[in-house]
Amino acid sequence: MTNIPKYLYHGSGQSGLKIIYPKKTLSKDEYIGDFVFASHNKTLAIMYMTVKGYYSLMSTDTTPAYIVICSDEEEYKKKNREVSIYKLPSDSFEVTPQEELKEYEFVSRKPTAPESSETYPNALTAFSQNNIDVYFVSKPVFDQIVKAGNKDRDKYLKSVAKYTQN
């Protein structure tokens, strides 16, 4: 996707942001610049609201979309807090320098003021309300799912209990 839509979405583990500032960014353990990240795909941006510090695998190529989180469900819930999805004007954004993500994300080197936002009590509620399936898995199962690749991923996901919001 080379045309940048008028608006993009930025998912954050922080609510109430008036300005979103560029952050130091590593790609494959190398510094590539300071960026604000955003996507034209609101579902993908919502998945980026996941609690930081856990491996995750996301897919928007399926219906419903899903996120696999390498964590114990109860441990994750303890760190789950208020999150927001921000709608950003795209005028300062360009295509990401990360070749493998060019279809999904855009970056800005400038602080960006959101035009609007939607806030959720936590990421799990955001996922549930936006038709995103959640799977909590152990590290060995997570590694198997990653190794399986897209075509065999379904067989692993069918063997894992899907999270359901109470």
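Residues numbered from 1 in each chain as written. Predicted model: local features only at pLDDT ≥ 70, side-chain atom pairs only at ≥ 80, totals over all residues. Heavy atoms only, no water.

Engineer: Teacher, can you tell me more about the pairing of strand 4 (residues 56-59) here?
Structural biologist: Consecutive residues of a regular strand have side chains that alternate between opposite faces of the sheet. Where burial is concerned, the two faces of strand 4 differ: the one with Leu57 and Ser59 is buried and the one with Ser56 and Met58 is not. The pairing of strand 4 with strand 5 (residues 65-70) spans four bridges and is classified as antiparallel. Residue pairing in the sheet places Ser56 in a bridge with Ile69 of strand 5. Here strand 4 folds back onto strand 5, and the loop between the two strands holds five residues. (Buried < 20%, exposed > 50% of the residue type's maximum accessible area, 1.4 Å probe, protein only. Helix = DSSP H or I, 4+ residues; strand = E, 2+ residues; numbered from the N terminus. Pairing = 2+ DSSP bridges.)

Engineer: Before we go on, may I ask you to explain the sheet that holds strand 9 (residues 116-120) in this structure?
Structural biologist: As a general point, the strands of a sheet are linked pairwise by backbone hydrogen bonds and lie either parallel or antiparallel. Taken together, the three strands give an open sheet; going across it, the order is 1-6-9, and neighbouring strands pair in antiparallel fashion. Edge positions in the sheet fall to strand 1 (7-12) and strand 9, since each has one partner strand and no second. Across the sheet, the mean angle from the axis of one strand to that of its neighbour is 20°, orientation sign disregarded. Bridge analysis of strand 6 (residues 83-89) against strand 9 gives five bridges, and the strand direction is antiparallel. (Axes fitted to C-alpha atoms, helices over the stretch in contact; angles between N-to-C directions.)

Engineer: Mind showing me how you'd approach unusual backbone geometry here?
Structural biologist: Where the residue is not glycine, phi is negative for most of them; where a peptide bond is considered, it is trans in most cases. In this model, Thr63 is joined to Pro64 through a cis peptide bond whose omega is 0°. Within the secondary structure layout, Pro64 lies in the loop between strand 4 and strand 5.

Engineer: Would you take a moment to explain the packing of aromatic side chains for this structure?
Structural biologist: Centre-to-centre distance and the angle between the planes together describe a pair of aromatic rings. Taken as a whole and assessed by the stated rule, the structure comprises six aromatic pairs. The interplanar angle of 70° and the centroid separation of 6.0 Å between the aromatic rings of Phe35 and Phe37 together place this pair among those described as edge-to-face. A residue is classified by how much of its surface remains accessible, and Phe35, at 2% relative accessible area, is buried. By relative accessible area, Phe37 is classed as partly exposed at 22%. Arranged with centres 5.7 Å apart and planes meeting at 85°, the rings of Phe136 and Tyr163 form a pair that is edge-to-face. Within this pair, whereas Phe136 is found in strand 10 (residues 132-137), its partner Tyr163 is found in the segment after helix 4 (139-158), the two being separated by 27 residues in sequence. On the accessibility criterion, Phe136 (11% relative accessible area) is buried. Overall, the relative accessible area of 12% leaves Tyr163 in the buried class. Among the aromatic residues, those joined into a cluster by ring pairs are Tyr54, Tyr76, Phe136 and Tyr163. Residue placement shows Lys139 over the ring face of Tyr55; its charged tip is 4.7 Å from the ring centre. (Phe/Tyr/Trp six-rings, centres within 6.5 Å; stacked < 30°, edge-to-face > 60°. Lys NZ or Arg CZ within 6 Å of the ring centre and 35° of its normal.)

Engineer: Sorry if this is basic, but what is going on with the nonpolar core here?
Structural biologist: Grouped burial of nonpolar side chains is what soluble globular proteins tend to show. Membership of the largest hydrophobic core comes to 21 residues, with the highest contact counts inside it found for Ile69, Tyr76, Phe127 and Val134. Per-element tally for this core: the top contributor is helix 3 (residues 123-129), with four residues. In contact with Phe127, other than residues within four places in its own chain, are Ile46, Met47, Thr50, Ile67, Ile69, Tyr76, Ile132 and Val134. Within the second largest apolar cluster, ten residues are counted, among which are Val68, Cys70, Val137 and Phe142. (Core = buried A, V, L, I, M, F, W, Y, C linked by side-chain atoms within 4.5 Å. Contact = heavy atoms within 4.5 Å.)

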